[in-house]
Amino acid sequence: MPELADRPQPATGRRGPKIVGFLCDWAVASEGVVRDDGTMRDLPNVTLIKIPCSGFTRPAWLEFALRNGADGVFVCGCPLGDCFNRYGNNLIGDRVEQLRRRLERQKVNPERIGALFYGKHAGAAFVDAVRAFSERVAGMPGPAFPARKPAPATTGQGPAASTPGPAPQGGQSGAPAGREGT
Amino acid sequence: MYKRLLAGLLAVTLRLDTLIARVYPDDFNPLYYTGGLSNLFLTVLVLSGIFLFLYYTPSFDQAYTSVQFLTADVPYGQIIRGIHRYSADGFMIVILLHLFRNWFTERFRFSRDEPWISGMMLLTLTGFIGVTGYMLVWDQRSEALVAMTANAAAQVPLVGGWLRHALFGGAGLTDLLLPRLLFLHIGPAVGLYVFLLWHYTRIRHPKVWPPAVWTLFALGFVVLLTGLVPVTSQAPAVVAQRPQTLAVDWLFLTPYWAMRFLPPLVLIALAVVLIGYGLYIPYQLPETRSELGLKDSGVAQVIDANCTGCELCYYDCPYNAIVMVPSPSPGVTKAAQARKLRAVILESRCVECGICVGACPFEALELPRLLQKDIHERVLTACQS
Amino acid sequence: MTDRASTYVLWIVVLAAVGLVCTVGIVWGELTGHHRLGGALIGVILLAYSFILLCLRKGGFTSV
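Here, residues in each chain are numbered from 1, in the same order as that chain's written sequence. For naming, the first written chain is A and the first written ligand is 1, with later ones following in the order written. Where local features are concerned, this predicted model is filtered to residues with pLDDT of at least 70; where side-chain atom pairs are given and counted, the filter is 80 or more; whole-chain, interface and lining totals use all residues. Each side-chain value is worked out from all heavy atoms of the structure, with water and hydrogens disregarded.

Visitor: Please clarify how empty space enclosed by the protein should be interpreted in this entry.
Guide: Any empty space left between atoms is shown by rolling a water-sized probe over those atoms. All names here are of chain B. Two kinds of site are reported from a 1 Å grid over the protein atoms alone, namely cavities, where a 1.4 Å probe fits but cannot get out, and pockets, open sets with protein on both sides within 12 Å along at least five of seven lines, and residues are called lining when an atom falls within 4 Å of a point. Grid points are joined across faces, edges and corners, and a volume is the space filled by probe spheres set on the points. What the rule picks out here adds up to six cavities of 30 Å³ or more. Computed from the structure, the largest cavity encloses a volume of approximately 830 Å³. For the largest cavity, the lining is made up of 40 residues, of which Gly 35, His 98, Asn 102, His 199 and Ile 203 are closest to its centre. Note on conventions: DSSP H or I runs of at least 4 residues are helices, E runs of at least 2 residues are strands, and numbering of each starts at the N terminus. For the lining of the largest cavity, the elements supplying multiple residues, two or more each, are α2 (34–55), α4 (77–104), α5 (113–136) and α8 (177–201).

In structure tokens:
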């Protein structure tokens, strides 16, 4: 119970879903798009983390963000084929696909994980795409990871309650939850 | 000034990409495959060149007639000859596109100067091979080109006479001329592959072929052009009679056209300056990452305790900056116990892109100033704000 | 099948027909010694196939 209480609740009603984005240094120019604190100017619910290349992103970081309260994560690289480092965006594109499949087996909606590809001057198109992504995520119910423990308070959803099995084993399967996927 | 110009040209390049993207999907954009297209044209040139070589006779009295025989009497000889000529033009065009695109998108930065330098040498060599190709036909244009080149070479101070001898085997037209030219056409063409090896050394998975759409398009366009505008020779060369006109192939013979207006020595100096500037381009902007407004993450480091020798980073590093070496001892973590190899970073090749970090599932690679810990912290702050 | 896809199918059929006609032309050129025409038609076939591949991709019949 305390573990669940610590987890930040998704702020769907208030400011839109909490979204973390990884933005390649060579892709969309961040001037005019990102504020000083890393959130996007037009979409304050989206925080961008600048990275040297989209291929730098470890898929585990996307999962880490989802497990720690983000409702959606995405990586933005240069247009496919135009990576400054030649294949970084193709690599992360493939890895995002793999992560989606892996997390789908853990009952996470794969649409919560996105890969966007926009060039340096495509700032407007990038903002539109992120907005669309944000709205799509906003329409999804509940936190990204269904509750591990079949706690009475959160048994609203069918699949969440059915996965870990009956209550007595819940404590065992719930303990290493954070490391299970990695 | 130069920086602003470069920024403007980058904007134009990227706008061109978005225009192309309206017709072709991103991964079919031909401008992303100028290197692969060059390689395609080079391959076509080598194959068609072998065919032409089988028919060509390098002697004054037979060179022209052997080319005429090939063109008129050999089935599809005309087509093969045209493919060779037009592919050469296509080769030059895509090389120049490759040069300008990588220049404007600043892909000569950090440790990528070696592909740039070898590329400049490939370009110079290609121009030379193109000119000697026009000389081999031994029509009036060939003779004019030989005379003009010999004249220009002889005017170079100190080494002029030696240079002319090296190129054409002596003053005037000697019997050695055409065999020598044949070698000067084919020898440097082999040399292209030597420089290509250098060009590719720092590139993992080079894009050596364009997508099938563009392979078919380039081949089809060349072959169609061959049929529509057949390649012909001019009148045969008549020794001791200087021709007055020069049909110019703008991609290869522009310097000879310019000889009408400028003395050869000025042109040679201009060529040296241009090539010299080309070699200097990667060093013109010696900016550090922080000056570029990028985070200076530092050269990637292997955390030896975690390395399992799985080679994933080795396969993904775009610059061949990671080598796998036999491991003297097992790693510390459980996964690293049975390792035979371990990763070692060649720091001089690393551009700090961090792709190896994304490739490593065992947390055995880090960028020193952008650690996984930092990313986790940022993610947590983002999620809790 | 969507409207968009069927447009591309139409184009693919047209281009394939062009390729077929060109093949006939090449054979005719080979028999009558019109090698230049045959060569040009090879070029047309290659160009047609290039655009067929593009239509396949844009119509969504092949993926990346």
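Visitor: Quick question: what am I supposed to make of the domain arrangement of chain B here?
Guide: It is common to report an interface's size as the accessible area lost on association of the parts. Residues and elements named next belong to chain B. For the domains described, the bounds stem from an automatic or database domain assignment. Partitioning chain B into domains gives domain 1 (2–284) and domain 2 (301–384). Summarising the inter-unit geometry, the C-alpha centres of domain 1 and domain 2 are found 43 Å apart. We call two residues contacting when some pair of their heavy atoms lies within 4.5 Å. Taken together, the eight residues of domain 1 in the interface contact ten residues of domain 2. As used here, buried area is the combined drop in accessible area, with a 1.4 Å probe, of two parts when they are placed together. Overall, the association of domain 1 and domain 2 removes approximately 870 Å² of surface from exposure, summing both partners, and the carbon and sulfur fraction of that is 42%. For the domain 1 face of the interface with domain 2, the top three residues by lost area are Ser 111, Arg 202 and Arg 204, together amounting to 65%. In what follows, salt bridge is the name for a side-chain nitrogen of Lys or Arg lying within 4 Å of a carboxyl oxygen of Asp or Glu. Taken together, the connections running from domain 1 to domain 2 amount to zero salt bridges. Throughout this description, a polar contact denotes any pair of N or O atoms lying within 3.5 Å of each other; where both atoms belong to protein, one of them has to be capable of donating a hydrogen while the other can accept it, and for residues adjacent in sequence the pair is counted only when both atoms sit in side chains. Along the contact surface separating domain 1 from domain 2 lie five residue pairs in polar contact (both at pLDDT 80 or more). Three residue categories are used. Nonpolar comprises Ala, Val, Leu, Ile, Met, Phe, Trp, Tyr, Cys and Pro, charged comprises Asp, Glu, Lys and Arg, and polar comprises the others, including Gly. The residue makeup of the side of domain 1 that touches domain 2, split by class, is two nonpolar, three polar and three charged.

Visitor: Which parts of the structure should I look at to understand the arrangement of the chains?
Guide: Ranking the two pairs of chains in contact by number of contacts places chains A and B first. Spatially, chain A is disjoint from chain C: no contact exists, and the shortest C-alpha separation is 10 Å.

Visitor: Just checking my understanding: could you explain the nonpolar core for this structure?
Guide: Within soluble globular proteins, side chains that are nonpolar generally end up buried alongside one another. Ranked by size, the top nonpolar core spans 68 residues in total, and within it Trp103(B), Met135(B), Phe168(B), Leu181(B) and Tyr256(B) carry the most contacts. No other element matches the eleven residues that α4(B) contributes to this core. If near-sequence neighbours (up to four positions away) are discounted, Leu181(B) is found in contact with Thr132(B), Met135(B), Leu136(B), Val146(B) and Phe168(B). Counting residues in hydrophobic clusters, the runner-up holds 49 residues, among them Trp61(A), Val75(A), Leu103(A) and Tyr319(B). By nonpolar core is meant a set of buried Ala, Val, Leu, Ile, Met, Phe, Trp, Tyr and Cys residues that side-chain atoms within 4.5 Å join together. Remark: exposure states derive from per-residue accessible area (1.4 Å probe, protein chains only) relative to the maximum for the residue type, with buried under 20%, exposed over 50%, and partly exposed in between.

Visitor: When you look at the side chain of Ser54(A) in this model, what are you seeing that I'm missing?
Guide: Along the chain, the position of Ser54(A) falls in the loop between β2 (46–51) and α2 (59–67). With sequence-adjacent residues up to four places away left out, Ser54(A) is seen in contact with Cys24(A), Val75(A), Cys76(A), Gly77(A), Gly88(A), Asn89(A) and Ile92(A).

Visitor: Would you take a moment to explain the packing of aromatic side chains for this structure?
Guide: Aromatic ring pairs are defined here through the distance separating the ring centres and the angle between the ring planes. Here a pair means two rings of Phe, Tyr or Trp (six-membered ring of Trp) with centres within 6.5 Å. Their orientation is stacked below 30 degrees between planes, edge-to-face above 60, and tilted elsewhere. Considering all chains together, one arrives at 24 aromatic pairs over all chains under this definition. An aromatic cluster of three or more residues is present, and its members are Tyr24(B), Trp214(B), Phe217(B), Phe221(B) and Phe51(C). Remark: a charge is flagged as sitting over a ring if the NZ atom of Lys or the CZ atom of Arg is within 6 Å of the ring centre and within 35 degrees of the ring normal. Sitting over the face of the ring of Tyr314(B), Arg204(B) holds its NZ or CZ atom 4.6 Å from the ring centroid. Stacked on the ring of Phe28(B), the Lys or Arg Arg57(C) has its end atom at 5.2 Å from the ring centre.

Visitor: Is there a simple way to explain the interface of chain B and chain C in this structure?
Guide: Listed as interface residues are 22 residues of chain B and, on the opposing side, 19 residues of chain C. Around 1800 Å² of area is buried between chain B and chain C when both sides are counted, 72% of it from carbon and sulfur atoms. Contact with chain C buries surface across chain B, with Tyr76(B), Leu216(B) and Leu224(B) losing the most and accounting together for 32% of the total. Where chain B packs against chain C, one counts one salt bridge. Between Asp27(B) and Arg57(C) there is a salt bridge, with its nearest N and O atoms 3.0 Å apart. Counting every contact that joins chain B to chain C gives six residue pairs in polar contact (both at pLDDT 80 or more). Considering each element in turn, the side of chain B that touches chain C owes the most residues, eleven residues, to helix α9 (residues 212–228) of chain B. Here the residues of the side of chain B that touches chain C sort into 17 nonpolar, three polar and two charged.

Visitor: Looking at this structure, I do not really get the packing of α5(B) against α8(B). What am I missing?
Guide: Packed helix pairs are specified by the crossing angle of their axes together with the interaxial distance, meaning the distance between the axes. Residue and element names in this part refer to chain B. Every axis in this analysis is a line fitted to C-alpha atoms, fitted for helices over the stretch in contact. Angles between the N-to-C directions lie between 0 and 180 degrees. At a minimum axis separation of 9 Å, α5 and α8 run at an interaxial angle of 160°. Here α5 lies roughly antiparallel to α8, going by the angle between them. Where α5 crosses over α8, the two elements pack in a sense that is left-handed. For the contact of α5 with α8, a count of residues per class yields 19 nonpolar, eight polar and one charged. What sets the label is the angle itself: under 35 degrees gives roughly parallel, over 145 gives roughly antiparallel, 65 to 115 gives roughly perpendicular, and the rest give oblique. Left-handed describes a crossing whose near helix is turned anticlockwise from the far helix through less than a right angle; right-handed describes the clockwise counterpart.

Visitor: What is the right way to look at unusual backbone geometry in this model?
Guide: In terms of backbone geometry, most residues other than glycine have negative phi values and most peptide bonds are trans. Residues and elements named next belong to chain A. Of note in the backbone geometry, Arg 86 takes a positive phi value of approximately 75° without being a glycine. Along the chain, Arg 86 falls in the loop between β3 (72–77) and α3 (88–105). On the accessibility criterion, Arg 86 (11% relative accessible area) is buried.

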